[in-house]
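Observations on the three-dimensional arrangement
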Amino acid sequence: MLSHYIKIAWRNLWKNKVFSFINIAGLSAGIAFTMLIGAYVWNELQVNKHLKNSANQYLLTSVWKDPNIGNPITTLGPLAKQLKEHYPSLVANYYRWDGITSVVSKGDKHFRENIQLGDSTILSMYGFALMHGNARVALTEPYTVVVTPAIAIKYFGKTDVVGEKIAIQSFSWGNHDFSITGVLQEMPENSVTKLNVANNNTFFIPTNTYAYFGRNDFESWSNIYLPSYIELRPGITAKEIAGPIRKLIEMNAPDFIKNSLAIQPVSLADYYLNNRNGLVKKMLYTLSLIGMFILLMAIVNFINITISSSGNRTKEIGVRKVLGGRRAQLIAQFLAE
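This section reports on the structure supplied with the text. Every chain is numbered independently, its residues counted from 1 as its sequence is written. With the structure being a predicted model, the display of local features is reserved for residues of pLDDT at least 70 and the display and counting of side-chain atom pairs for 80 or more, all residues being used for whole-chain, interface and lining totals. Hydrogens and waters are ignored; side-chain quantities use all the structure's heavy atoms.

1. Side note on the overall build of the protein
Secondary structure elements follow DSSP: runs of H or I no shorter than four residues count as helices, runs of E no shorter than two count as strands, and numbering proceeds from the N terminus. From N to C terminus, the protein includes ten helices and ten strands. In this treatment the radius of gyration is a C-alpha quantity, and the globule benchmark scales as 2.2 Å times the residue count to the 0.38 power. In terms of overall dimensions, the protein is more spread out than a globule: its C-alpha atoms have a radius of gyration of 30 Å, far above the 20 Å expected for 337 residues. With the principal axes as the frame, the protein shows a C-alpha extent of 95 × 50 × 35 Å. For every residue, the accessible area obtained with a 1.4 Å probe (protein chains only) is divided by the maximum for its type, and the residue is called buried under 20%, exposed over 50%, and partly exposed between those limits. Here the protein holds 337 residues, and the buried ones make up 42% of them. If you take every contact in the protein between residues at least 6 apart in sequence, the share linking residues at least 24 apart comes to 74%. Calculation of accessible area relied on Shrake-Rupley with a 1.4 Å probe; when residues are assessed, cover is drawn exclusively from the protein chains displayed. For the protein, the exposed surface amounts to about 18200 Å²; the carbon and sulfur share of it is 60%. Residue contacts are counted whenever heavy atoms from the two residues lie within 4.5 Å of one another.

2. Section: a nonpolar patch on the surface
Taken together, the side chains of Phe293, Leu296, Met297 and Val300 present a nonpolar region at the surface, about 360 Å² in accessible area. In this fold, Met297 is placed in helix α8 (residues 268-308). Note on Met297: relative accessible area 38%, which makes it partly exposed. Each patch is built from residues lacking any salt bridge and having more than 30% relative accessible area; the joining distance is 9 Å for like charges and 5 Å for nonpolar side chains (Val, Leu, Ile, Met, Phe, Trp, Tyr). Any carboxyl oxygen of Asp or Glu that lies within 4 Å of a side-chain nitrogen of Lys or Arg is treated as forming a salt bridge with it.

3. Digging into the environment of Ala129
Structurally, the position occupied by Ala129 is in the loop between α4 (122-126) and β4 (130-133). Through-space distance from the C-alpha of Ala129 to that of Met187 is 8.3 Å; in sequence the pair is 58 residues apart. Setting aside residues up to four positions removed in sequence, Ala129 forms contacts with Leu184 and Gln185.

4. Things to note about unusual backbone geometry
The phi torsion at Asn48 lies on the positive side, around 75°, for a residue other than glycine. The backbone of Asn53 sits at a positive phi, close to 55°, despite the residue not being glycine. Among the secondary structure elements, Asn53 is positioned in the loop between α2 (17-45) and β1 (57-64). A residue is classified by how much of its surface remains accessible, and Asn53, at 37% relative accessible area, is partly exposed.

5. Describing helix α6 (residues 238-252)
By definition here, a helix of n residues has an expected span of 1.5 Å times n minus one. Over its 15 residues, α6 runs 21 Å from end to end, which matches the ideal 21 Å to within 8%, given 1.5 Å per residue. Within α6 the residues assigned to the buried category are Ile241, Pro244, Ile245, Leu248 and Ile249. Down the axis, α6 shows its buried residues gathered within 140° of arc, on one side only. Exposed and oriented more than 90 degrees from the buried face of α6 are Lys239, Arg246 and Met251. Close packing links the buried residues of α6 with β1, α3 (79-86), β2 (91-106), β9 (228-232), α7 (255-258) and β10 (261-267). Working definition: the arc comes from the directions between the helix axis and the C-beta atoms, pointing outward to the latter.

6. Side note on α2
Across its 29 residues, α2 extends 41 Å between first and last C-alpha, which sits within 8% of the 42 Å expected from 1.5 Å per residue. Turning to α2, its buried residues are Ser20, Asn23, Gly30, Thr34, Ile37, Val41 and Glu44.

7. Observations regarding the packing of helix α9 (residues 314-322) against helix α10 (residues 327-336)
Between α9 and α10, whose axes approach to 11 Å, the crossing angle comes to 145°. As α9 runs across α10, the sense of the crossing is right-handed. For the pair α9 and α10, contact is made by Glu316, Ile317, Arg320 and Lys321 and by Gln329, Leu330, Gln333 and Phe334, respectively. Class assignment for the residues of the contact of α9 with α10 results in three nonpolar, two polar and three charged. Angles shown run from 0 to 180 degrees and are taken between the N-to-C directions of axes, each axis being a line fitted to C-alpha atoms and, for helices, limited to the stretch in contact. Here a crossing is taken to be left-handed if its near helix is turned anticlockwise relative to the far helix by less than a right angle, and right-handed if that turn runs clockwise. In this classification, the charged set is Asp, Glu, Lys and Arg, the nonpolar set is Ala, Val, Leu, Ile, Met, Phe, Trp, Tyr, Cys and Pro, and all remaining amino acids, among them Gly, are polar.

Any functional reading would require information that these geometric values do not contain.
Following this line, the structure appears as structure tokens:
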């Protein structure tokens, strides 16, 4: 019986080629555009969600009385590290980094590249896996570097480059060889490696080499320009860490900072969506409404065209009912179409 319905449906569609094409193309286009919008919205919602323990991780943002003093996404250089050292029962891990650029050379290849000078905890804290190399020791020694697959191919034409040397220029124009100790696997979208620069073209260098780049104020309480993250112990909330943060600032920071700065931990899981007054979240809501509107219009268009042509089928329906066709059979046939 089902095959009989399908045959009749195919004959009717083929008999009215123009009508069938307009009706099907309109509905298909509406569904396709809605699915594309849905895929984009879903992808944006997944930013930071694939990081290890992202629900317990926070970006330490700065709220200044005078916004011209500092950047809201950076904070005091030693703060995250000091929180881990002084309050290990509250803070499980931390990560800080400084974004710089320098000339990287290999043979006759010379390019100015993005460098993320950060704590060695980046791999263990966020669960970034290595395609090549040992994640436990990749960033423990001075003058070592972890690269992305795109960088490895750019300079060596392959990804298995652990043990290779690459020269990086200091800010005093000197050059020093850095040993490649790891090649990252492709990383998911996140706000740790992609806060300011594209993460597929970044060199990751440990902080025990910061003096080479003239970053001697990395651990200074006057340095207010380091993006800093902390991972809280399970069950610990951001409110519980507010007191320790204020205490450390009172004990160590210069007076102009004590009187002007408040630290606000922002959940890393929600940071991307809520950043810039929730601009991304508002955009996703708008796109979702547009997608639903497109789909609704496609459905309404499909129904209107179908109803407008239903008069042409009344004769067929009448003949089938006279010959003993039941209501359920007629419904099944039109649903098949």
